[in-house]
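Structure at a glance
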Amino acid sequence: MAIQNRDSFLSNLAANLGRPQKREAVIRPEYSVQPQREVFKDYSTEQLIEVLKEHCKVIHTDFVRTDKSDLQAALVKVLEGYEATSIIASNDKRNQEYGLDKTYEELSKEMDIHLWDARLGKENQVIAERTDVGISFSDITLAESGTVALMTNKDNGRSISLMPKCYIAIIPKETIVPRMTQAASKIHKDNENGTIPPSSICFVTGPSNSADIEMNLIVGVHGPVKVTYIVVN
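Presented here is a report on the structure given in the accompanying data block.

Side note on the nonpolar core
Counting residues in hydrophobic clusters, the biggest one holds 24 residues, and the most contacted among them are Leu52, Val148, Ile171, Ile176 and Tyr229. Mapped onto this core, the elements with two or more residues apiece are helix H2 (45-58), helix H6 (123-129), strand E6 (147-152), strand E7 (166-172), strand E9 (200-204) and strand E12 (226-232). Apart from the residues within four sequence positions on either side, Ile176 is in contact with Leu48, Ile49, Leu52, Thr141, Ala143, Ile171 and Val231. With 21 residues, the next largest nonpolar core counts Leu79, Tyr104, Cys166 and Ile170 among its residues.

What follows is the structure, given as structure tokens:
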């Protein structure tokens, strides 16, 4: 896409700021001390999973761990606990890789299953709003804070993790990193390598909550009231 009138716009902006227009590239500083990279620096994936598991208790999130071969049974058990009758899920290529396409086909015999469909536009949001459970994959998982990073696109709308009453994040073991530092580095590197960026990146940490009043944590304020993380070996 061509950019129209960029030079005149920037020149006008610089003039109003009272300085010449800066045309040279910004050089990222190299700091001699980077404590943000030291947290959990030498932790193995197994140790990071334990950190994630313990922090799930803090953020009121259920933690489940399973092998890929047992994912269907683990997912069905969580859905039964939620007494779910309807599901909205991302139309993710990993659905086939993890056997969820067959799971959704089987579940459709007993409940309403909707895979995000870009052709429906905002109708997807309407469906999500009245659905019991949203399901999608975590692209990057932050052990320290118990956060899943969701890269949204035409097949994976952000409403999946926001509008249903409950949300389930499928977490491939290899997506787990220590903290936001590594997540930001990966996103930056992908951008430098020319990876098509997502329409947005959602960082979700457990069910919706607020502690605005007297620091008392209230869960389920403006989004899912229950969340489960399923870590898949």
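What to know about the packing of aromatic side chains
Taken as a whole, this structure holds 2 aromatic pairs when the rule is applied. Judged by centre distance (4.8 Å) and plane angle (55°), the rings of Phe40 and Tyr43 are tilted. For the pair Tyr98 and Phe137, a centre-to-centre distance of 5.3 Å together with 55° between the ring planes defines the contact as tilted. Taken as a pair, Tyr98 in the loop between helix H4 (94-97) and helix H5 (100-107) and Phe137 in strand E4 (residues 133-137) lie far apart in primary sequence, 39 residues in all. Grouping residues by exposure puts Tyr98 and Phe137 together as buried. A cation over a ring is seen here: Lys68 above Tyr98, with NZ or CZ 4.5 Å from the ring centre.

Brief notes about the sheet that holds E9
Read from one edge of the open sheet, 4 strands run E8-E5-E6-E9, paired in mixed fashion. Edge strands, defined here as strands with exactly one partner in the open sheet, are strand E8 (176-177) and E9. Two strands pair when backbone bridges link them, and strand E5 (residues 140-142) and E6 are joined in this way by 3 bridges, in the antiparallel orientation. Residue pairing for E6: Ile140 is matched across the bridge by Ala149. Along the sheet, helix H7 (residues 180-192) contacts E5, E6, E8 and E9; its crossing angle with E5, the most-contacted strand, is approximately 160°.

Quick notes on the packing of helix H3 (residues 71-82) against H5
Running from N to C, H3 and H5 cross one another at 45°; their axes reach a closest spacing of 10 Å. One element, H3, and the other, H5, form an angle in the oblique class. Seen from above, H3 lies across H5 with right-handed handedness. Between H3 and H5, the residues in contact are Leu71, Gln72, Leu75, Val76 and Leu79 and Leu100, Thr103, Glu106 and Leu107, respectively.

Some words on the sheet that holds E7
Overall, parallel pairing links the 6 strands, which are arranged E1-E12-E7-E4-E2-E3 in an open sheet. In the strand order of this sheet, the two ends are held by strand E1 (62-66) and strand E3 (112-115), each with one partner. Sheet twist, expressed as the average angle between the axes of neighbouring strands with direction ignored, equals 20°. In the sheet, strand E2 (residues 86-89) pairs with E3 via 4 bridges, with the strands oriented parallel. Its bridge partner lying in E3, Ser86 is registered against Asp112. Of the strands in this sheet, E1, E7 and E12 touch H2, which is tilted by about 150° from E1.

Conventions used here
- Per chain, residues are indexed from 1 in the order of the written sequence.
- Residues qualify for local features only when their pLDDT is at least 70, as the model is predicted, and side-chain atom pairs are given and counted only at 80 or more; totals for whole chains, interfaces and linings, by contrast, use all residues.
- Heavy atoms from the whole structure form the basis of all side-chain values; hydrogens and water molecules are not counted.
- The criterion is simple. A nonpolar core is a set of buried Ala, Val, Leu, Ile, Met, Phe, Trp, Tyr and Cys residues joined through side-chain atoms within 4.5 Å.
- Only protein chains enter the accessibility calculation, which uses a 1.4 Å probe; a residue is then buried when its area is under 20% of its type maximum, exposed when over 50%, and partly exposed in between.
- Strands are runs of DSSP state E lasting at least 2 residues, helices are runs of H or I lasting at least 4, and numbering of each runs from the N terminus.
- Only heavy atoms enter the contact rule, under which two residues are in contact if any of them lie within 4.5 Å.
- For this analysis, a ring pair means two rings from Phe, Tyr or Trp (six-membered ring only for Trp) whose centres lie within 6.5 Å, classed as stacked if their planes differ by under 30 degrees, edge-to-face if by over 60, and tilted for the remaining angles.
- Only when the NZ of Lys or the CZ of Arg is both within 6 Å of the ring centre and within 35 degrees of the ring normal is a charge said to sit over the ring.
- Paired strands, as defined in this entry, are two strands with at least two bridges between them according to DSSP.
- Lines fitted to the C-alpha atoms define the axes, with helices restricted to the stretch that makes contact. Angles between their N-to-C directions range from 0 to 180 degrees.
- An angle below 35 degrees is treated as roughly parallel, one above 145 as roughly antiparallel, one from 65 to 115 as roughly perpendicular, and anything else as oblique.
- For a crossing to be left-handed, the near helix must be turned anticlockwise from the far one by less than a right angle; the clockwise case is right-handed.

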